[in-house]
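Notes for the structure review
Chain residues, written in single-letter form:
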Amino acid sequence: MNSGPGRPRTHQPSRPGATARDEILDAAAELFTTQGFANTSTRSIADAVGIRQSSLYHHFKTKDDILEDLLEGTVAGGLEFARTVAALPPAAGPAEEPSGSRLHAVAVYDGTQLCSARWNLGILYHLPEVRSARFAGFLASRQELRGLYGRLGAGLPSASVGSAADGNGADFTFRLVESLINLRADGLMTPESPLQAADAGLILCGLAEGLPAIREHSAALIARLS
């Protein structure tokens, strides 16, 4: 089977993905997260897909291009959902939508995206390479997502726990969601982990007593918008 003129595969595709580009991304994600970004060559990625190295360059000019695409994929779904939630009209009142429901929904959705992805790409966030201007697009998207957490948590009360007392409960929620990356890397993640992270964030926002109603409305938001 040929992936295109002059780009023959060495065997039938065996990786998930509708295109050769998708298969390259999947192979790179596996190798980056299992043997490290620095230790992975474009040749090893091509070998994992079953294509020539020259064929890989038809889709990605450099290894950094592959990493950029993968990193942006880790925030794209959560960011799109958070934008949608943030654009909703104001609720009529607590009876219609308990305070904190929107923040909780974004945290659950975002956390589920991080936990359910085929590879735990979030562990690449702290690579020194990622701090360079080369990855400005990813960094901007991640910062926008963090800002939307803050926007959705604006005006919420805060529990008197460390910096949360300074009104940073929403930012703590963002950090708790991203902590799922390490939880997954340690093999401690469960299907309930995204919900638990969102619950903990809302507790830091001083909304522990309202959690049952918040959970109900959060689940309804996710079901309606996702």
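Residues numbered from 1 in each chain as written. Predicted model: local features only at pLDDT ≥ 70, side-chain atom pairs only at ≥ 80, totals over all residues. Heavy atoms only, no water.

1. Topic: the overall build of the protein chain
The condition that has to hold: Runs of H or I in DSSP of at least four residues are treated as helices and runs of E of at least two as strands, each being numbered from the N terminus. The contact criterion used is simple: two residues touch if any of their non-hydrogen atoms lie within 4.5 Å.
Of regular secondary structure, the protein chain possesses 9 helices and 0 strands. Considering only contacts within the protein chain whose residues lie at least 6 apart along the sequence, 72% involve residues at least 24 apart.

2. Here we look at the layout of surface pockets
Note the threshold: Here a cavity denotes a set of grid points, spaced 1 Å apart and computed over the protein atoms alone, in which a 1.4 Å probe fits but from which it cannot get out, and a pocket denotes an open set meeting protein on both sides within 12 Å along at least five of seven lines; residues with an atom within 4 Å of a point are reported as lining. Grid points are joined across faces, edges and corners, and a volume is the space filled by probe spheres set on the points. In the scheme used here, Gly and all other residues not listed as nonpolar or charged are polar, with Ala, Val, Leu, Ile, Met, Phe, Trp, Tyr, Cys and Pro taken as nonpolar and Asp, Glu, Lys and Arg as charged.
Taken as a whole, the largest pocket spans an internal volume of roughly 350 Å³. Lining the largest pocket are 20 residues, and of these Gly-73, Ala-117, Arg-118, Trp-119 and Leu-121 sit closest to its centre. Secondary-structure elements contributing two or more residues to the lining of the largest pocket are α1 (20–35), α4 (63–86) and α5 (101–116). Among the elements that make up the lining of the largest pocket, the one with the highest residue count is α4 (6 residues). Among the residues forming the lining of the largest pocket, the class breakdown is 8 nonpolar, 8 polar and 4 charged. Forming the walls of the second largest pocket are 14 residues, and the residues nearest its centre are Glu-97, Gly-100, Arg-102, Leu-152 and Ala-154. Only α5 and α6 (136–153) provide two or more residues apiece to the lining of the second largest pocket. Broken down by element, the lining of the second largest pocket gets its largest block of residues, 3 residues, from α5. For the lining of the second largest pocket, the per-class residue count stands at 8 nonpolar, 3 polar and 3 charged.

3. So, the pattern of salt bridges
The condition is simple: Whenever Lys or Arg places a side-chain nitrogen within 4 Å of a carboxyl oxygen from Asp or Glu, that contact is recorded as a salt bridge.
Scanning all chains against the criterion turns up 10 salt bridges. Residues Glu-178 and Arg-142 are paired through a salt bridge, measuring 2.5 Å at the closest nitrogen-oxygen approach. Here Arg-142 lies in helix α6 and Glu-178 lies in helix α7 (residues 169–185), a separation of 36 residues in the sequence. Look at the salt bridges and you will find they share partners, linking Asp-65, Glu-68 and Arg-134 into a network.

4. Observations regarding the packing of aromatic side chains
This is how it is decided: Classification of ring pairs uses Phe, Tyr and Trp, with its six-membered ring standing for Trp, and accepts pairs whose centres are within 6.5 Å; under 30 degrees between planes counts as stacked, over 60 as edge-to-face, and the remaining range as tilted. Exposure classes here rest on a 1.4 Å probe applied to the protein chains alone. A residue is buried below 20% of its type maximum, exposed above 50%, and partly exposed in between.
According to the stated counting rule, one finds 4 aromatic pairs in the structure shown. On the basis of an interplanar angle of 10 degrees and a centroid distance of 4.2 Å, the ring pair of Phe-81 and Tyr-109 is categorised as stacked. Taken as a pair, Phe-81 in helix α4 and Tyr-109 in helix α5 lie far apart in primary sequence, 28 residues in all. This pair shows no difference in class: Phe-81 is buried, exactly as Tyr-109 is. Ring centres of Tyr-149 and Phe-174 lie 5.2 Å apart, and the angle between their planes is 80 degrees; on these two criteria the pair is classed as edge-to-face.

5. Let's talk about the packing of α7 against helix α8 (residues 193–204)
Put simply, the test is: Here the axes come from fitting lines to C-alpha atoms, over the contacting stretch only for helices, and the angles between their N-to-C directions go from 0 to 180 degrees. Throughout this description, any angle smaller than 35 degrees is read as roughly parallel, any larger than 145 degrees as roughly antiparallel, any in the 65 to 115 degree range as roughly perpendicular, and the remainder as oblique. We call a crossing left-handed when the near helix sits turned anticlockwise from the far one by less than a right angle, and right-handed when that turn is clockwise.
Where α7 contacts α8, the axes come no closer than 8 Å and their chain directions differ by 155 degrees. By the criterion of interaxial angle, the relationship of α7 to α8 is roughly antiparallel. Considering the relative orientation of α7 and α8, their crossing is right-handed. Residues Gly-169, Phe-172, Thr-173, Leu-176, Val-177, Leu-180 and Leu-183 of α7 pack against Ser-193, Pro-194, Ala-197, Ala-200, Gly-201, Leu-202 and Leu-204 of α8. For the contact of α7 with α8, the residue count by class is 10 nonpolar, 4 polar and no charged.

6. Regarding the environment of Asp-171
Going by this rule: The term polar contact refers here to a pair of N or O atoms within 3.5 Å; inside protein, the definition further demands a hydrogen-donor-capable atom paired with an acceptor-capable atom, and it admits residues adjacent in sequence only when both atoms are side-chain atoms.
Structurally, Asp-171 can be placed in helix α7. Here the alpha-carbon distance between Asp-171 and Arg-146, two residues 25 residues apart in the chain, equals 7.0 Å. There is a polar contact of 2.7 Å between the side chain of Asp-171 and the side chain of Arg-146.

7. Re α6
So the rule is basically this: By definition here, a helix of n residues has an expected span of 1.5 Å times n minus one.
Over its 18 residues, α6 extends 26 Å from the first C-alpha to the last, a length consistent with the 26 Å expected when each residue adds 1.5 Å. Buried-residue contacts for α6 involve α4, α5 and α7. One or two positions beyond α6, positive phi appears at Gly-155, with a value near 90 degrees.

8. Points about the environment of Ala-136
One can find Ala-136 in helix α6. By relative accessible area, Ala-136 is classed as partly exposed at 42%. Sequence-wise, Ala-136 and Glu-68 are 68 residues apart; in three dimensions their C-alpha atoms are separated by 9.4 Å.

9. Examining the nonpolar core
Side chains that are nonpolar tend, in soluble globular proteins, to be buried together. Applicable threshold: Nine residue types can take part in a nonpolar core, namely buried Ala, Val, Leu, Ile, Met, Phe, Trp, Tyr and Cys, and a core is a set of them joined through side-chain atoms within 4.5 Å.
Ranked by size, the top nonpolar core spans 59 residues in total, and within it Phe-32, Ile-45, Ile-66 and Leu-67 carry the most contacts. Here Leu-67 is in contact with Phe-32, Phe-37, Leu-124, Leu-127, Val-130 and Phe-135, once residues within four sequence places are set aside.

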